[in-house]
Amino acid sequence: MHCDLSVGKKINNIVNKVGVRRAVATVLWEGIHVTKVAVTQAFFGRHPILRAELLAKYPDVTFKQADSILEGQELIDFLRGHDKVIMSIDKLTRDVIEALPELKVVSKFGVGMDSVDVKAMADHGIKLGWQGGINKRTVSEMALCYMLLLVRQYSAANLDMRQGIWKRRPGRTLSERTIGILGCGFIGQDLARLLRAMGCTVLAHDIRDHPEFYEETGVLPVSLGELLERSELITVHLPNTKLTRGIMSAERLARMQPGSILVNTARGGLIDEDALLAALESGHIASAAIDAFLAEPTDQQELVNHPNFFSTPHMGGLSEEAVMAMGRQAIAGLDDHRLPTPDWPSDVWED
């Protein structure tokens with residue numbers, strides 16, 4: 001239980017006598033401050049192990065029940081009166097932050113920070129618990145799965161089978177392809193190692209240089225233009241920032257090789273979804289797979305229904321192992337945190 005250490009012994013005595021839940025009510029009644037924590041990620045609260053581990057450290061927790069994304073007044077109402085929050089993709093804007101002067105710590109479940117105004121957090125002295133790369137293997141496995149699904153035409157073959165069509169599609173081997181990785185951070189580098197182990201030629205483009213990684217793995221750093229033009233398959237692994245938003249525009253999609261494949265297991269808003277649909281319709285892009293959309297739930301039903309398109313509802317980081325790792329990191333971040341500053345990685349602090 002987190003509170004002033006001078007009253008810790010008194011609270012422990014109350015807990016021993018009446019149990020945790022009644023102890024919370026008792027110490028609040030007697031004027032002892034107990035740290036109040038909110039959790040906006042619904043399945044965190046439904047996970048028995050994570051729930052128990054959090055309650056063991058912070059007995060006074062409010063768990064969100066619905067799977068909806070909170071923003072604006074709904075998020076303010078949910079967080080009001082809480083000192084700390086574990087949150088995922090809810091919209092923590094400056095207006096929300098300014099309405100919650102009692103909020104002191106935000107701990108991130110997951111790694112994406114595009115829904116959080118970290119500069120507003122810094123302006124109001126709110127500290128951040130965050131660790132990059134916590135779910136990198138889970139996401140890179142999904143990207144690899146997507147690549148195999150499309151290059152071997154498994155998705156198309158499955159659609160045939162559902163319609164009673166027995167058609168054997170040969171596809172192509174992934175190991176002989178030239179793969180372009182757009183964004184070579186935690187996930188991009190992890191995926192590159194998997195692809196290099198399979199014998200792929202791997203090109204990479206990133207605004208940051210990674211010379212030791214490139215030398216170690218044989219990954220070839222290239223310009224964005226070269227990556228678009230040389231890659232048979234492009235996989236996107238970027239945060240959603242003002243530099244990356246809409247990076248795969250209609251113009252850049254047109255620069256991809258005819259008959260190439262596009263995969264995005266990163267963030268929504270990186271790909272022009274209307275232009276992607278047009279490229280699939282024309283056949284310029286042979287197939288594509290996306291796990292994250294600009295609007296979620298997506299309203300791009302025509303794209304989702306396209307026979308050469310495969311999609312999932314933003315679940316790339318949600319293996320059971322990754323959920324445990326992200327959950328435990330989020331619990332740790334309630335205590336291990338610091339004020340966001342410009343020296344944080346660009347995934348967190350956007351200039």
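## A look at the pairing of strand S4 (residues 105-108)
Residues in a regular strand point their side chains to alternate faces of the sheet. Alternating positions in S4 separate into two faces, Val 105 and Ser 107 on one and Val 106 and Lys 108 on the other, with burial throughout. Judged from the 3 bridges that link them, S4 and strand S5 (residues 127-129) form a sheet pairing that is parallel. What sits directly across from Val 106, in S5, is Leu 128. Between S4 and its parallel partner S5, the chain crosses via helix H7 (residues 118-123), and the hand of that crossover is right-handed.

## Thoughts on the packing of helix H8 (residues 136-151) against helix H10 (residues 186-197)
Interaxial distance between H8 and H10 falls to 9 Å at its minimum, and their mutual angle equals 50 degrees. Considered as vectors, H8 and H10 are oriented oblique to each other. Here H8 and H10 pass one another in a crossing that is right-handed. Taking contact as the criterion, the partners of Lys 136, Arg 137, Val 139, Ser 140, Ala 143, Leu 144 and Met 147 in H8 are, on H10, Phe 186, Ile 187, Asp 190, Leu 191, Leu 194 and Leu 195. Within the contact of H8 with H10, the residues separate by chemical class into 9 nonpolar, 1 polar and 3 charged.

## Thoughts on the packing of helix H4 (residues 48-57) against helix H16 (residues 320-333)
Two elements in contact, H4 and H16, have axes separated by 10 Å at closest approach and are oriented at 10 degrees. Here H4 lies roughly parallel to H16, going by the angle between them. Contact residues: H4 offers Ile 49, Leu 50, Glu 53, Leu 54 and Lys 57, while H16 offers Val 323, Met 324, Gly 327, Arg 328 and Ile 331. Looking at the contact of H4 with H16 residue by residue, the classes come out as 6 nonpolar, 1 polar and 3 charged.

## Brief notes about unusual backbone geometry
With an omega of 0 degrees, the peptide bond running from Glu 296 to Pro 297 counts as cis. Within the secondary structure layout, Pro 297 lies in the loop between strand S11 (285-290) and helix H15 (301-304). Phi angles above zero are rare outside glycine, and Gln 153 is one such case at about 65 degrees. Of the residues examined, Gln 153 reaches a relative accessible area of 30% and is grouped as partly exposed. Residues other than glycine seldom take positive phi values, yet His 314 does so here, at roughly 50 degrees. Along the polypeptide, His 314 turns up in the loop between strand S12 (309-311) and H16.

## A look at the state of the cysteines
One way to say it: the disulfide is the covalent bond shared by the sulfur atoms of two cysteines. By the definition in use, this model includes 0 disulfides. You can see Cys 145 has no disulfide; the closest cysteine sulfur is in Cys 200, sitting 15 Å from it. According to the relative accessible area criterion, Cys 200 is buried, its value standing at 0%.

## Here we look at the layout of surface pockets
Here the second largest pocket defines a volume of roughly 330 Å³. Forming the walls of the second largest pocket are 21 residues, and the residues nearest its centre are Leu 150, Gly 259, Ile 261, Ala 286 and Ser 287. Among the elements of the structure, H8, helix H9 (154-162), strand S10 (260-264) and S11 are those that each provide at least two residues to the lining of the second largest pocket. Grouping the amino acids of the lining of the second largest pocket by side-chain chemistry returns 10 nonpolar, 8 polar and 3 charged.

## Description of the packing of aromatic side chains
Taken as a whole and judged by the stated rule, the model has 6 aromatic pairs. Seen from their ring centres, Trp 130 and Trp 344 are 6.3 Å apart, and the 45 degrees between their planes marks the pair as tilted. You can see Trp 130 sitting in the loop between S5 and H8 and its partner Trp 344 sitting in the segment after H16, a full 214 residues away along the chain. This pair shows no difference in class: Trp 130 is buried, exactly as Trp 344 is. Ring pairing ties together the aromatic residues Phe 43, Phe 44 and Phe 109, which thus form one cluster.

## Regarding the sheet that holds strand S8 (residues 220-221)
In space, the 7 strands of this open sheet follow the order S8-S7-S6-S9-S10-S11-S12, with parallel pairing throughout. What marks the edges here is a single partner per strand, and that holds for S8 and S12. Of the strand pairs in this sheet, strand S7 (residues 201-205) and S8 are connected by 2 bridges, and their pairing is parallel. Pairing of Ala 204 across the sheet is with Pro 221, part of S8. This element, H8, spans strand S6 (178-182), strand S9 (233-236), S10, S11 and S12 of the sheet and lies at about 150 degrees to S10.

## Details of empty space enclosed by the protein
Taken as a whole and judged by the stated rule, the model has 1 cavity of 30 Å³ or more. Put simply, the largest cavity is a space of about 30 Å³. Along its surface, the largest cavity is lined by Asn 264, Arg 267, Gly 268, Gly 269, Leu 270, Ile 271, Glu 273, Ile 290, Ala 292, Phe 293 and Leu 294. Grouping the amino acids of the lining of the largest cavity by side-chain chemistry returns 6 nonpolar, 3 polar and 2 charged.

## A closer look at helix H14 (residues 273-282)
Listed as buried for H14 are Glu 273, Ala 275, Leu 276, Leu 277, Ala 279 and Leu 280. Tucked inside the fold, the buried residues of H14 contact helix H13 (250-255), S10, S11, H15 and S12. Gly 283 sits one or two residues past H14 and shows a positive phi near 90 degrees.

About the thresholds
Residues numbered from 1 in each chain as written. Predicted model: local features only at pLDDT ≥ 70, side-chain atom pairs only at ≥ 80, totals over all residues. Heavy atoms only, no water. Buried < 20%, exposed > 50% of the residue type's maximum accessible area, 1.4 Å probe, protein only. Helix = DSSP H or I, 4+ residues; strand = E, 2+ residues; numbered from the N terminus. Pairing = 2+ DSSP bridges. Right-handed = clockwise from strand over helix to strand, strands pointing away. Axes fitted to C-alpha atoms, helices over the stretch in contact; angles between N-to-C directions. Parallel < 35°, antiparallel > 145°, perpendicular 65-115°, else oblique. Left-handed = near helix turned anticlockwise from the far one by under 90°. Contact = heavy atoms within 4.5 Å. Nonpolar A, V, L, I, M, F, W, Y, C, P; charged D, E, K, R; others polar. Disulfide = S-S within 2.5 Å. 1 Å grid on protein atoms, 1.4 Å probe; cavity = no way out; pocket = protein on both sides within 12 Å on 5 of 7 lines; lining within 4 Å. Points joined across faces, edges and corners; volume = space filled by probe spheres on them. Phe/Tyr/Trp six-rings, centres within 6.5 Å; stacked < 30°, edge-to-face > 60°.

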